[in-house]
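# What the coordinates show
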Amino acid sequence: MSDTSNYYGHVVNVNGGERVIGINQGTVVHNDGIAQDTELRAALTDLTRLLDDLRPELTPDQVRTVEEALPALTPDRAALRERGMILASVSQIAATVGEVGRPVMEAVGRLLALLG
């Protein structure tokens, strides 16, 4: 009698080891972007906070524009690059209220610098 094994699909044998994750189905993780993503998240959090602080100075139409822009401000670099007009409109609104809007304009500038 012969020992014939037929395997259909994934076969994993783990003999010992540490931090065994399992089968990689094509997911690629690049750890070199973690610091950049942390900076991006911090910049977005800062911008969101500043926009909330700015609301009392805005007209109802400007508030509506800011509210529509907030969901688009995600920590996804590619999506933010595509949504540059949203960042421009937020910066423009901040500019219309004068000196009180300067922190928002600076936060948008920092965010754009992170996006490259």
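Residues numbered from 1 in each chain as written. Predicted model: local features only at pLDDT ≥ 70, side-chain atom pairs only at ≥ 80, totals over all residues. Heavy atoms only, no water.

Membership of the largest hydrophobic core comes to 22 residues, with the highest contact counts inside it found for Leu 47, Leu 51, Leu 73, Leu 80, Leu 87, Val 104 and Leu 111. Looking at this core, the elements that each hand over two or more residues are helix H1 (34-54), helix H2 (60-69), helix H4 (84-96) and helix H5 (102-115). Among the elements that take part in this core, H1 stands out by supplying 7 residues, more than any other. Those residues in contact with Val 104 that lie beyond four places of it in its chain are Leu 47, Leu 50, Leu 51, Leu 54, Val 90 and Ala 94. (Core = buried A, V, L, I, M, F, W, Y, C linked by side-chain atoms within 4.5 Å. Buried < 20%, exposed > 50% of the residue type's maximum accessible area, 1.4 Å probe, protein only. Helix = DSSP H or I, 4+ residues; strand = E, 2+ residues; numbered from the N terminus. Contact = heavy atoms within 4.5 Å.)

This part is about H5. Taking 1.5 Å per residue as the helical rise, H5 with its 14 residues ought to reach 20 Å, and the 20 Å between its terminal C-alpha atoms agrees with that figure. Residues of H5 that are buried: Val 104, Ala 107, Val 108, Leu 111 and Leu 115. All buried residues of H5 lie within an arc of 100° about the axis, which places them on one face of the element. Where H5 ends, the next residue or the one after it, Gly 116, has phi of about 85°, a positive value. (Expected span 1.5 Å × (residues − 1). Arc of directions from axis to C-beta.)

With that settled, the discussion passes to the environment of Gly 116. One can find Gly 116 in the segment after H5. Distance from Gly 116 to Arg 81, taken between C-alpha atoms, is 8.8 Å for residues 35 residues apart in sequence.

Turning our attention to the packing of H4 against H5. Orientation of H4 relative to H5, taken along the N-to-C sense of each, is 155°, at an axis distance of 8 Å. With respect to H5, the axis of H4 lies roughly antiparallel. Handedness of the crossing formed by H4 with H5: left-handed. Across the interface between the two elements, Leu 87, Val 90, Ser 91, Ala 94 and Ala 95 from H4 touch Val 104, Met 105, Val 108, Leu 111, Leu 112 and Leu 115 from H5. Residues belonging to the contact of H4 with H5 are distributed by class as follows: 10 nonpolar, 1 polar and no charged. (Axes fitted to C-alpha atoms, helices over the stretch in contact; angles between N-to-C directions. Parallel < 35°, antiparallel > 145°, perpendicular 65-115°, else oblique. Left-handed = near helix turned anticlockwise from the far one by under 90°. Nonpolar A, V, L, I, M, F, W, Y, C, P; charged D, E, K, R; others polar.)

This part is about the pattern of salt bridges. Any two side chains of opposite charge can pair, given that their charged atoms come close. According to the stated counting rule, one finds 8 salt bridges in the structure shown. Ionic pairing is found between Arg 77 and Asp 37, a salt bridge with its closest N-O pair at 3.6 Å. Of the two residues, Arg 77 sits in helix H3 (residues 77-82) while Asp 37 sits in helix H1, which places them 40 residues apart along the sequence. In this structure, Arg 64 and Asp 61 form a salt bridge, with 2.1 Å as the shortest nitrogen-oxygen distance. Taken together, the residues Arg 64 and Asp 61, both in helix H2 and 3 residues apart, mark about one turn of the helix. Ionic contacts of the salt-bridge type, sharing partners, join the residues Asp 46, Arg 49, Asp 53 and Arg 110 into one network. (Salt bridge = Lys/Arg side-chain N within 4 Å of Asp/Glu carboxyl O.)

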